[in-house]
Amino acid sequence: MEQMTIKTTPIEGQKPGTSGLRKPTRTFMSAHYLENYVQAIFNGIGGVAGKTLVLGGDGRFFNDRAIQVILRMAAANGVAHMIVGQGGILSTPAASNLIIQHKTDGGLILSASHNPGGIDADFGLKYNVPAGGPAPEDVTAEIFAQTTTLSEYKILEAQDVDLSTLGSSDLAGMRIEIVDPVHDWADLMETLFDFDAIRALFAGGFTFRFDAMHAVTGPYAEDVFVNRLGAPQGTVLNGTPSPDFGGGHPDPNPIWAKPLVDLVMGPDAPDFAAASDGDGDRNMILGKGLYVTPSDSLALLAANAHLAPAYKDGLAGVARSMPTSRAVDRVATAKGLDCYETPTGWKFFGNLLDAGRITICGEESAGTSSDHVREKDGLWAILLWLNILAVRKKPVLDLVRAHWAEFGRNFYARYDYEGIEAESANTLFSGLRDALPGLVGGELGGRIVETADEFSYHDPVDGSVSSAQGIRLTLSGGGRIVFRLSGTGTVGATLRVYLEEATDDPAAVDWDQTEVLAPLAALADDVAGIARITGRTAPDVIA
Ligand code: VG1
Ligand code: CO
């Protein structure tokens, strides 16, 4: 086995976004692309000699090849110990858990999450820190800086490592430990939730369908729901992971998980249904005849978490990303909890969780989690729902309506305009920025603009500042419009427009969301000039 130092030159555009580096798979497969980025990570975290790292991914196309390259590079860079999910597989929350439980120096997670997989789709790679969460901005900035000056990388010439057999082996002095991807994470779940109560729920005939969307969670869901909790065979749909996710987008929302939504809206609806995404960190929650928005789900989980053993003493505080609806803020106010507003992306919750300031946090994009790991955790959210349902013994619809009646209701939708030209996006945002000062105090659609600003986050724990995190307008009567650009796309720019209306009117439990939000959608178009600047008259996706 020969240690090689390969000369290379910087590759443009290796800038991590909201969640690591995401690019078309063919880009990742091009000469030196993966190698450069991995070496930049190793250099950017101060070298990896003697360190222990976790390694695994969501199983998408190129996962297996990339893992072999990373192992050879890790050995050549002097890594002491690599903990690898069997078959190269780890869900994102399971990887976070291994990083924490084994007290490692962090980990590499291969995933483009909800983006489709395949040679003509997307791939991704991110580094998580020893605390278990996605690297914060100072670390990703250092990694990016490394990509711009890189001149060589180290790699071993060696045969492929067998990833299929559990146990330890050696690669040029580096210990490789292949672990079961599911076991430790599933054991952790048993410590958090009342498995006996959920088992009794299933034994009583409660019906549940979980759609794994051909992605990484299939084996996790089989183990927890079927083996450990006694849900019947057939509970897990699309449970066999595939490198291209069965040709679909592994994105648990009403568009990409339409068959499941159709099921709960039809005559054979189960009592409860849920889905997760490519790497297992997102969740979608459904009841009979009902889609629960992720923002409402976060609020309901925060309000009821004390029903699960891990959270029985209450929550330290809660947090949500800025565009997420303010439904959880109402719960925090009612319960006297601190509530933090962070920029989009899980990395911003890490400090608050580490400092013990919050217990539960979430995002409108279907990510929710707690302090048990430092990633969002799709199956965790579903298990907390099951625990709550097992205690409350009421249909999902009743729980949601009771929640709205108690705390008030926030109507919410996100409009995505995909693949718009970068220049149009820039024009739109600079136009909005220029307009902000003139909007405050004025009238828009018959309502007063109470605030109009660009969100800057001041991290209360380490004092760091993250600016330009989205433009937001609040309107009298509880309305809010937020504009931001996606940081996970791989082609062109994606404009996200987040619409929210809030009311305390008890009658609102019966109002129609689309109708309530329609005037705001028109205002958003008007104030930002979406149709005028981008030529788009309707969003590609409404989530
Ligand atoms: C999106 C979501 C954000 C989420 C991120 C990663 O980012 O909006 O809430 O944290 O994806 O999730 P953006 O920048 O495209 O809006 V995942 O499940 O893709 O790791
Ligand atoms: Co994901």
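About the cut-offs
Residues numbered from 1 in each chain as written. Chains lettered and ligands numbered in written order. Predicted model: local features only at pLDDT ≥ 70, side-chain atom pairs only at ≥ 80, totals over all residues. Heavy atoms only, no water. Buried < 20%, exposed > 50% of the residue type's maximum accessible area, 1.4 Å probe, protein only. Helix = DSSP H or I, 4+ residues; strand = E, 2+ residues; numbered from the N terminus. Arc of directions from axis to C-beta. Polar contact = N/O pair within 3.5 Å; in protein donor to acceptor, adjacent residues only side chain to side chain. Donors = N, O, S within 2.8 Å, 3.2 Å for Na, K, Ca; no water. Phe/Tyr/Trp six-rings, centres within 6.5 Å; stacked < 30°, edge-to-face > 60°. Domains from an automatic or database assignment. Contact = heavy atoms within 4.5 Å. Buried area = accessible area lost by both parts, 1.4 Å probe. Salt bridge = Lys/Arg side-chain N within 4 Å of Asp/Glu carboxyl O. Near = heavy atom within 4 Å. Nonpolar A, V, L, I, M, F, W, Y, C, P; charged D, E, K, R; others polar. Patch = residues over 30% accessible without salt bridge, like charges linked within 9 Å, V, L, I, M, F, W, Y side chains within 5 Å. Areas by Shrake-Rupley, 256 points an atom, 1.4 Å probe, with all protein chains shown as cover. Axes fitted to C-alpha atoms, helices over the stretch in contact; angles between N-to-C directions. Parallel < 35°, antiparallel > 145°, perpendicular 65-115°, else oblique. Left-handed = near helix turned anticlockwise from the far one by under 90°. Core = buried A, V, L, I, M, F, W, Y, C linked by side-chain atoms within 4.5 Å. Pairing = 2+ DSSP bridges.

## Section: helix H7 (residues 195–203)
Link 1 in the chain: Within H7, burial applies to Phe195, Ile198, Leu201 and Phe202. One side of H7 carries all its buried residues, which in axial view fall inside an arc of 115°. Residues of H7 that are exposed and point over 90 degrees away from its buried face: Asp196 and Ala203.
Link 2 in the chain: Measuring from the side-chain oxygen of the N-cap residue of H7 to the backbone nitrogen of Asp196 gives 3.3 Å; that N-cap residue is Asp194.

## Looking at the coordination of the cobalt ion (ligand 2)
Link 1 in the chain: Within the protein, the atoms that donate to the cobalt ion (ligand 2) are Ser113 (OG), Asp277 (OD), Asp279 (OD) and Asp281 (OD), at distances of 1.9 to 2.2 Å.
Link 2 in the chain: Coordination of the cobalt ion (ligand 2) draws on donor residues from a single chain, spaced S-x163-D-x1-D-x1-D in sequence. Of this pair, Ser113 sits in the loop between strand E5 (107–110) and strand E6 (122–128) while Asp277 sits in the loop between strand E12 (272–276) and strand E13 (283–287), and the two are 164 residues apart along the sequence.
Link 3 in the chain: Relative accessible area serves as the criterion here: at 2%, Ser113 is assigned to the buried category.

## Here's the deal with the packing of aromatic side chains
Link 1 in the chain: In this structure the tally under the stated criterion is 16 aromatic pairs.
Link 2 in the chain: Ring plane angle 70° and centroid distance 5.1 Å describe the contact between Phe28 and Phe123, whose orientation is recorded as edge-to-face. Here Phe123 lies in strand E6 and Phe28 lies in helix H1 (residues 25–29), a separation of 95 residues in the sequence.
Link 3 in the chain: Ring centres of Trp346 and Phe349 lie 4.6 Å apart, and the angle between their planes is 70°; this geometry places the pair in the edge-to-face category. The two residues Trp346 and Phe349 agree in class, both being buried.
Link 4 in the chain: Here a set of aromatic residues connected by ring pairs shows up, and it is made of Phe202, Phe206, Phe208, Phe210, Phe225, Phe272 and Trp385.

## Describing the domain arrangement of the protein
It is common to report an interface's size as the accessible area lost on association of the parts.
Link 1 in the chain: Parsing the protein into structural domains produces domain 1 (2–181), domain 2 (185–407) and domain 3 (409–542).
Link 2 in the chain: With centres defined by C-alpha atoms, the gap from domain 2 to domain 3 works out at 26 Å.
Link 3 in the chain: With 28 residues of domain 2 at the interface, the matching set in domain 3 holds 30 residues.
Link 4 in the chain: When residues of domain 2 are sorted by the area they lose upon contact with domain 3, Met322, Arg326 and Trp404 head the list and together hold 25% of the total.
Link 5 in the chain: For the interface between domain 2 and domain 3, the tally reads six salt bridges.

## Observations concerning the site of ligand 1
Link 1 in the chain: Taken together, the neighbourhood of ligand 1 is formed by 19 residues, with Thr18, Ser113, Ser365, Thr488 and Arg496 sitting nearest.
Link 2 in the chain: Contacts to ligand 1 include His114, whose side-chain N or O atom sits 2.7 Å from an oxygen atom.
Link 3 in the chain: Within the contact set of ligand 1, an oxygen atom lies 2.6 Å away from a side-chain nitrogen or oxygen of Ser365.
Link 4 in the chain: Looking at the shell around ligand 1 residue by residue, the classes come out as no nonpolar, 10 polar and nine charged.

## Comments concerning a nonpolar patch on the surface
Link 1 in the chain: Nonpolar side chains collect at one region of the surface, where Met29, Phe61 and Ile119 lie side by side and expose about 220 Å² of accessible area between them.
Link 2 in the chain: Mapping Met29 onto the fold places it in helix H1.
Link 3 in the chain: Given the relative accessible area of 36%, Met29 is considered partly exposed.

## Details of the packing of helix H8 (residues 218–228) against helix H13 (residues 378–392)
Link 1 in the chain: Contact pair H8 / H13: the axes reach a minimum separation of 12 Å and the direction vectors enclose 20°. As the angle between them shows, H8 and H13 are arranged roughly parallel. Note on packing geometry: the crossing formed by H8 with H13 is right-handed. For the pair H8 and H13, contact is made by Tyr220, Ala221, Val224 and Phe225 and by Leu379, Ile382, Leu383 and Leu386, respectively.

## Focus on the nonpolar core
One recurring pattern in soluble globular proteins is that nonpolar side chains are buried together.
Link 1 in the chain: Counting residues in hydrophobic clusters, the biggest one holds 73 residues, and the most contacted among them are Phe193, Phe225, Trp385 and Leu386.
Link 2 in the chain: It is H13 that contributes the most residues to this core, 11 residues altogether.
Link 3 in the chain: When residues of this core are assigned to domains, at least three fall in each of domain 1 (2–181) and domain 2 (185–407).
Link 4 in the chain: Residues contacting Phe193, with those up to four places away along its chain left out, are Ile198, Ala308, Pro309, Tyr311, Trp380, Leu383, Leu384 and Asn387.
Link 5 in the chain: Counting residues in each nonpolar core, the second largest holds 44 residues, with Leu21, Ala75, Val84 and Ile178 among its members.

## Thoughts on the sheet that holds strand E14 (residues 290–292)
Each strand in a sheet pairs with its neighbour through backbone hydrogen bonds, running either in the same direction (parallel) or in the opposite one (antiparallel).
Link 1 in the chain: Read from one edge of the open sheet, five strands run E11-E10-E12-E13-E14, paired in mixed fashion. In this open sheet, the two edge strands, each paired with only one partner strand, are strand E11 (236–237) and E14.
Link 2 in the chain: Across three bridges, E13 lies against E14 in antiparallel orientation. Bridging from a neighbouring strand, Ile285 pairs with Val292 of E14.

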